[in-house]
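So the chains spell out like this:
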Amino acid sequence: MISTSGLSPLAGISLVRENREVFEADIQRDPTSKREIEAFRERISGIQTVDELAEDYQVFSFVMKAFGLEEETYAKAKMKQIMTSDPDDKGSLVKRLSDAKYDSLNEEMGFSADGIAGGNFSDPDWIDSMVERYTDQRLIDTQSEENEHVGLALTFEQKISGMTSWYKVLADEEMNDFFMTAFGLPDTAANASIDARKAMFEKRMPIEDLQKPEVQEKLIRQFSAFADVIKSQETQNAAVTLLSSGSGSFNQVTIDIDMIQGFSASRHL
């Protein structure tokens, strides 16, 4: 099995890009993933209501993982309400939640307000697209466990096409974390108001530029560079703590993170 453990985000995401079919094949060979994919393909066409979906653990688990909601698999009542919410009603649950994952779940599953399944459950193309979504998300999840920054870079690639406003970016925790690092912003910036953070992001680049492939690639490279510096600083701090707990002396040579962050903050892509 190919591993990205220990690689920089840029090296890791390059490895995934070059060997994506291998990574995806490994995921689909995983016993749990294989069982869930098979269960979904075999049983989804027979599911008629949102209650039936929630009662089938393997199929429901597949759906939650496909939309990056594995941690909420237990929250069946909430998920059923989201899937049957009216997306045109600003007061509905799906509209009151800021995470775009819920919008995608509501739209793709296609349940009516009374919990009746649409015709998509028997559409082979839709079923194939869901298996692809599941595999893509499991790839991100496994990479996030193996190499956090590679997982975050893959998440950026997955979500960037839907990011049409900085408010939307800020409402998405993973995307917000990616841009905080890519723009070299200090942790303290996370405590600023959403309008203040929006202004910080706008200062660095116009939202329209996010859909340019060359800008996306540059952001990944910038994210990788800053993530490497942060990781180096964390490792160095851990070494200092370890050495200072014993006898002897250690002259620490540090990288001025604030200086690098200030340099990035003063630049535009």
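Quick notes on the rules
Residues numbered from 1 in each chain as written. Predicted model: local features only at pLDDT ≥ 70, side-chain atom pairs only at ≥ 80, totals over all residues. Heavy atoms only, no water. pLDDT = per-residue confidence, 0-100. Helix = DSSP H or I, 4+ residues; strand = E, 2+ residues; numbered from the N terminus. Contact = heavy atoms within 4.5 Å. Salt bridge = Lys/Arg side-chain N within 4 Å of Asp/Glu carboxyl O. Buried < 20%, exposed > 50% of the residue type's maximum accessible area, 1.4 Å probe, protein only. Polar contact = N/O pair within 3.5 Å; in protein donor to acceptor, adjacent residues only side chain to side chain. Axes fitted to C-alpha atoms, helices over the stretch in contact; angles between N-to-C directions. Parallel < 35°, antiparallel > 145°, perpendicular 65-115°, else oblique. Left-handed = near helix turned anticlockwise from the far one by under 90°. Phe/Tyr/Trp six-rings, centres within 6.5 Å; stacked < 30°, edge-to-face > 60°.

A. Quick look at the confidence of the model for the protein. Per-residue confidence for the protein gives a mean pLDDT of 86; residues scoring 70 or more make up 85%. Averaged over each element, pLDDT in the protein is lowest for helix α15 (residues 257–265) (44) and highest for helix α4 (residues 50–55) (97). When the criterion is pLDDT under 50, residues 237–269 qualifies, and its contacts beyond four places in sequence or with other chains add up to 38 contacts.

B. Highlighting the pattern of salt bridges. What the rule picks out here adds up to 17 salt bridges. As a salt-bridge pair, K80 and D51 come within 2.9 Å of each other at their nearest N and O atoms. Taken together, the positions of K80 in helix α6 (residues 76–83) and D51 in helix α4 put the pair 29 residues apart, joining distant regions of the chain. Residue classification places K80 among the partly exposed positions, given a relative accessible area of 25%.

C. Representation of the side chain of S92 within the structure. Mapped onto the elements of the fold, S92 is located in the loop between α6 and α7 (93–96). The buried category is assigned to S92, whose relative accessible area is 8%. Side-chain polar atoms of S92 contact the backbone oxygen of D89, separated by 2.8 Å. In contact with S92, not counting residues within four places along its chain, are S85 and D86.

D. Up close: the environment of L93. Mapped onto the secondary structure, L93 falls in helix α7. Excluding residues within four positions of it along the chain, L93 makes contact with K78, Q81, I82 and S85.

E. Seen up close, the packing of helix α8 (residues 100–109) against helix α9 (residues 124–146). Close contact between α8 and α9 brings their axes to 12 Å; oriented N to C, the two are set at 160°. Relative to α9, the element α8 is oriented roughly antiparallel. Where α8 crosses over α9, the handedness of that crossing is left-handed. Facing α8, whose interface residues are S104, E108 and M109, α9 presents W126, M130 and R133.

F. A look at the side chain of T135. Relative to the helices and strands, T135 is located in helix α9. Discounting chain neighbours no more than four positions away, the residues touching T135 are E24, I27 and Q28.

G. Representation of the environment of Q222. On the secondary structure map, Q222 appears in helix α14 (residues 213–244). Each C-alpha atom of the pair Q222 and F179 lies 9.7 Å from the other, and the pair is 43 residues apart in sequence.

H. A look at the packing of aromatic side chains. Inspection of every chain in the model, using the stated rule, returns 15 aromatic pairs. Relative to F121, the ring of F111 lies with its centre 5.4 Å away and its plane at 85°, an arrangement referred to as edge-to-face. Placement of the pair is F111 in the loop between α8 and α9 and F121 in the loop between α8 and α9, with a sequence separation of ten residues. Just as F111 is buried, F121 falls in that class too. Centre to centre, the rings of F179 and F201 are 6.1 Å apart; their planes meet at 40°, and the pair counts as tilted. Of this pair, F179 sits in helix α12 (residues 173–182) while F201 sits in helix α13 (residues 194–204), and the two are 22 residues apart along the sequence.

I. Seen up close, the environment of D26. Within the element layout of this structure, D26 appears in helix α2 (residues 20–29). Measuring from C-alpha to C-alpha, the distance between D26 and L139 comes to 9.3 Å, with 113 residues separating the pair along the chain. Here R29 takes part through its side chain, which lies 2.5 Å from a polar atom of the side chain of D26.

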